[in-house]
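Residue strings, one per chain:
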Amino acid sequence: MRFLTDEEDIVATALRTWHLSKTYHGRAALSAMNLTVPSDVVFGYLGPNGAGKTTTIRLLAGLLRPSSGRAEIGGYDVVRDRERAQRQIGYLPGDFAAYPRLTAAAYLDHLGYLRGGPDRARIRSLADRLDLDLNVRIGAMSHGNRQKVGIVQAFMHAPALLVLDEPTAGLDPLIQRQFLELVREARERGQTVFLSSHNLYEVEAVADMVGILVRGRLAVVEEVDKLKAQAVRRIDLTFAGVPPDAALRGVAAVQQLTVTGHTAHLVVEGHTAELLRIAAPYGVEQIVTHEPDLEEVFLSYYDAQE
Ligand SMILES: Nc1ncnc2c1ncn2[C@@H]1O[C@H](COP(=O)(O)OP(=O)(O)OP(=O)(O)O)[C@@H](O)[C@H]1O
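What you see is a predicted model, and the numbers here were worked out from it, not measured in a lab.

A. Main features of the overall build of the protein chain. Within the protein chain, the secondary structure is distributed over twelve helices and 14 strands. Expressed along its principal axes, the backbone C-alpha trace of the protein chain runs to roughly 70 × 45 × 45 Å. Considering only contacts in the protein chain between residues 6 or more positions apart, those separated by 24 or more positions represent 68%. Taken as two groups, the 33 positive and 38 negative side-chain charges of the protein chain have centres that lie 8 Å from each other.

Now the structure itself:
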């Protein structure tokens, strides 16, 4: 075994916060958040309206000063080393607004020059995928199309960390799907993505880890696979004869059981190994497992804090 050097540790951690807090007029919008996001993951940042997601993101992007605590991006403090921290980030605000008089092409070109030269082939390919006409003035665009310009500017270069605040709000489902592809490709290229969202399904589809923020407090940080393992799961077992409902009810993980004909419909929480061991001797002919749904897990965290 070998310990990481300081340099490697910085590379392995995309962002870290220590007691990061923000108070507005005596009311806490974010309370003492301790969070570590490793590199090369998609981190889904979930929470109901007003939970403090945008506040967190603006603190990370160096656009707000913390009331107390601190944060580092790629090892750089977002206050003391603001410019270097900001250079690690590609940031897409929730309400993306740019120069209304410029066409998207002119705006993206201009940004590209600020970042060392535009990659026009990349810009065109992103615009094609998102069905964005680059020749329209940004001021004349719909909200959704302006949002697409924001997505192109965030993805046209390859910062270590992409910080995206509700990026798919206002996009139609086909474009949302393209966006999720871009997020996956970014992770494959080794970028880390911090994605705030209301949309559980979007986060479930793309995130490796999630944090759930409720009233300015992190209620949980967990790998999506682990949350799924905790999640309630629906399983239908079809038997050769009448289902052995007393034996099935005796399994600790079984929460609910209904029987129709030869099929037992079960709601199971946690691991299913014991259930399958108990059921097998009764002649199981078919097993249908429904993908666990994270919604109930999330709602249980939301409710617990109400
Ligand atoms: N500039 C401000 N002045 C005073 N209060 C603010 C300010 N910005 C945010 N807040 C408050 O801080 C809390 C968190 O707001 P924030 O915008 O971070 O939440 P959010 O999770 O992004 O919400 P949403 O999902 O609705 O966008 C809210 O109660 C909000 O009213």
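That shown, we press on.
B. Examining the sheet that holds strand S14 (residues 284–289) more closely. Spatially, four strands are ordered S12-S13-S11-S14 in an open sheet, and the strand pairing comes out antiparallel. Every other strand in the sheet has two partners, leaving strand S12 (254–260) and S14 as the edge strands with one partner each. Going from strand to strand, the sheet's axes swing by 20° on average, the running direction of each strand aside. Both strand S11 (residues 232–239) and strand S13 (residues 263–269) contribute to a ladder of seven bridges, which runs antiparallel.

C. Structural detail: the UniProt feature "domain: ABC transporter" (unreviewed entry) in the protein chain. Under the present numbering, the feature "domain: ABC transporter" (unreviewed entry) in UniProt falls on residues 15–240. Across residues 15–240, the secondary structure splits into 35% helix and 31% strand, with the terminal C-alpha atoms separated by 54 Å.

D. Up close: the site of the ligand. Taken together, Tyr24, Ala29, Pro48, Asn49, Gly50, Ala51, Gly52, Lys53, Thr54, Thr55, Glu166 and His198 make up the full set of residues adjacent to the ligand. Asparagine 49 places a side-chain nitrogen or oxygen 2.9 Å from an oxygen atom of the ligand. Here an oxygen atom of the ligand and a side-chain polar atom of threonine 55 are 2.6 Å apart. Out of a free accessible area of 640 Å², the ligand has 61% covered by protein chains. Ranked by the residues each element gives to the shell around the ligand, the list is headed by helix H2 (residues 53–60), at three residues. A per-class count over the shell around the ligand returns four nonpolar, six polar and two charged.

E. Structural detail: the pattern of salt bridges. A full pass over the atoms with the stated rule returns nine salt bridges. Among the salt bridges present, the one from arginine 70 reaches glutamate 72, with a minimum N-O distance of 3.1 Å. Linking arginine 184 and glutamate 181 is a salt bridge whose minimum nitrogen-to-oxygen distance equals 2.8 Å. Of this pair, arginine 184 and glutamate 181 both sit in helix H7 (residues 173–188), separated by three residues, roughly a single helical turn. Three or more residues joined by partner-sharing salt bridges are found here, namely Arg70, Glu72, Asp77 and Arg80.

F. Representation of the domain arrangement of the protein chain in the model. Taken as a whole, the protein chain is organised into domain 1 (7–222) and domain 2 (231–305). Inter-centroid distance (C-alpha atoms) of domain 1 to domain 2 is 39 Å. Contacts between the two partners involve twelve residues from domain 1 and, on the opposite side, eight residues from domain 2. The junction of domain 1 with domain 2 conceals about 980 Å² of combined surface from both sides, 70% of it contributed by carbon and sulfur atoms. Looking at side-chain class alone, the side of domain 1 that touches domain 2 contains nine nonpolar, one polar and two charged residues.

Rules used in this analysis
- Residues numbered from 1 in each chain as written.
- Predicted model: local features only at pLDDT ≥ 70, side-chain atom pairs only at ≥ 80, totals over all residues.
- Heavy atoms only, no water.
- Helix = DSSP H or I, 4+ residues; strand = E, 2+ residues; numbered from the N terminus.
- Contact = heavy atoms within 4.5 Å.
- Lys, Arg positive; Asp, Glu negative; His and termini not counted.
- Charge placed at Lys NZ, Arg CZ, Asp CG, Glu CD.
- Pairing = 2+ DSSP bridges.
- Axes fitted to C-alpha atoms, helices over the stretch in contact; angles between N-to-C directions.
- UniProt positions renumbered as here; feature names shortened; annotations may be inferred.
- Near = heavy atom within 4 Å.
- Polar contact = N/O pair within 3.5 Å; in protein donor to acceptor, adjacent residues only side chain to side chain.
- Areas by Shrake-Rupley, 256 points an atom, 1.4 Å probe, with all protein chains shown as cover.
- Nonpolar A, V, L, I, M, F, W, Y, C, P; charged D, E, K, R; others polar.
- Salt bridge = Lys/Arg side-chain N within 4 Å of Asp/Glu carboxyl O.
- Domains from an automatic or database assignment.
- Buried area = accessible area lost by both parts, 1.4 Å probe.

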